[in-house]
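# An overview of the molecular structure
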Amino acid sequence: MHTLHLVQGVNLNRVGQREPGVYGGLSLESQIPLWETYLTRHWPNVELRVHQSNQEGTLVDIIQAIAADASSVGMLINPGAYTHTSIALRDAVAMVQKPVVEIHLSHTYAREAFRKESLLSGVCLGTIAGFGWLGYRLGLDAVLTQLPA
Ligand code: DQA
């Protein structure tokens with residue numbers, strides 16, 4: 001069995017209640033079963049593992065453990081506001097030798113100027129932004145189509 005990791009950063013545990021006009025009204029917990037069903041149907045040998053923390057150092061610890069996980073086939077990460085501030089998270093992501101896709105619920109490039117820069121993009125395979133939770137489903141495919149046939 002392969003593992004695909006999803007890392008949710010700061011304040012993403014509040015999506016659903018937090019600024020619903022920006023991030024939508026649905027929680028992470030409501031989406032996980034949908035992604036699991038999708039994986040069972042299309043990628044039956046891949047299991048999803050979801051991590052969330054509001055602490056920068058804890059997120060570094062999580063990413064280091066993912067980098068060392070031999071069963072891992074890749075990682076999706078939405079670092080939240082740490083996207084725009086954290087060299088530590090960038091350095092941790094750079095240690096992951098598997099495809100990493102950066103995801104944002106909102107269209108960060110169409111918002112405030114300080115959200116247009118991501119310190120992580122340069123060490124990710126690509127970025128998906130602006131499609132709400134659908135972006136995560138697209139991210140699953142983006143990572144898994146990198147798997148050797
Ligand atoms: C976010 C975008 C960030 O700028 C913001 O700080 C977040 C959420 C997104 O998913 O759109 O917390 O990562």
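To start, this report covers the structure provided alongside it.

The rules behind each value
- Residues numbered from 1 in each chain as written.
- Predicted model: local features only at pLDDT ≥ 70, side-chain atom pairs only at ≥ 80, totals over all residues.
- Heavy atoms only, no water.
- Helix = DSSP H or I, 4+ residues; strand = E, 2+ residues; numbered from the N terminus.
- Rg over C-alpha atoms; globule rule 2.2 N^0.38 Å.
- Buried < 20%, exposed > 50% of the residue type's maximum accessible area, 1.4 Å probe, protein only.
- Patch = residues over 30% accessible without salt bridge, like charges linked within 9 Å, V, L, I, M, F, W, Y side chains within 5 Å.
- Areas by Shrake-Rupley, 256 points an atom, 1.4 Å probe, with all protein chains shown as cover.
- Salt bridge = Lys/Arg side-chain N within 4 Å of Asp/Glu carboxyl O.
- Contact = heavy atoms within 4.5 Å.
- Phe/Tyr/Trp six-rings, centres within 6.5 Å; stacked < 30°, edge-to-face > 60°.
- Expected span 1.5 Å × (residues − 1).
- Arc of directions from axis to C-beta.
- Near = heavy atom within 4 Å.
- Polar contact = N/O pair within 3.5 Å; in protein donor to acceptor, adjacent residues only side chain to side chain.
- Nonpolar A, V, L, I, M, F, W, Y, C, P; charged D, E, K, R; others polar.

Attention now moves to the overall build of the protein chain. Along the backbone of the protein chain there are 5 helices and 5 strands. Its helices and strands in sequence order give the protein chain the pattern β-α-α-β-α-β-α-β-β-α, from N to C terminus. What you see for the protein chain is a C-alpha radius of gyration of 14 Å, in line with the 15 Å of a compact globule of 149 residues. For the C-alpha atoms alone, the extent of the protein chain along its principal axes is close to 40 × 30 × 25 Å. A buried classification covers 46% of the 149 residues belonging to the protein chain.

A contiguous nonpolar surface patch, about 280 Å² in accessible area, is contributed by Phe131, Leu134 and Leu138. Within the secondary structure, Phe131 sits in the loop between strand E5 (126–129) and helix H5 (134–144).

Here we come to the environment of Gly24. Positionally, Gly24 belongs in the loop between helix H1 (20–23) and helix H2 (28–42). Here the alpha-carbon distance between Gly24 and Glu117, two residues 93 residues apart in the chain, equals 22 Å. Setting aside its immediate chain neighbours within four residues, Gly24 contacts Gly16 and Glu19.

What the rule picks out here adds up to 3 aromatic pairs. Plain terms: the ring middles of Trp35 and Tyr136 are 5.3 Å apart, the flat faces sit at 15 degrees to each other, and that makes the pair stacked. Placement of Trp35 in helix H2 and of Tyr136 in helix H5 is noted, with a sequence separation of 101 residues between them. The class of Trp35 is buried, set by a relative accessible area of 3%.

Turning next to H2. In a regular helix each residue adds 1.5 Å, so 15 residues correspond to 21 Å; H2 covers 21 Å between its end C-alpha atoms and thus fits that length. Among the residues of H2, those classed as buried are Leu28, Gln31, Ile32, Trp35, Tyr38 and Leu39. In an axial view of H2, the angular spread of the buried residues amounts to 130 degrees, which keeps them on one side of the axis. Among the exposed residues of H2, those pointing more than 90 degrees away from its buried face are Glu29, Leu34, Thr40 and Arg41.

Near the ligand you find Arg18, Tyr23, Asn78, Gly80, Ala81, His84, His104, Leu105, Ser106, Thr108 and Arg115, and these make up its full shell. Here Arg18 contributes a side-chain N or O atom positioned 2.9 Å from an oxygen atom of the ligand. Within the contact set of the ligand, an oxygen atom lies 2.7 Å away from a side-chain nitrogen or oxygen of His84. Isolated, the ligand exposes 320 Å² of accessible area, and the fraction of that covered by the protein chains is 99%. Here the residues of the shell around the ligand sort into 3 nonpolar, 6 polar and 2 charged.

Interpretation in functional terms is not warranted from these geometric data alone.
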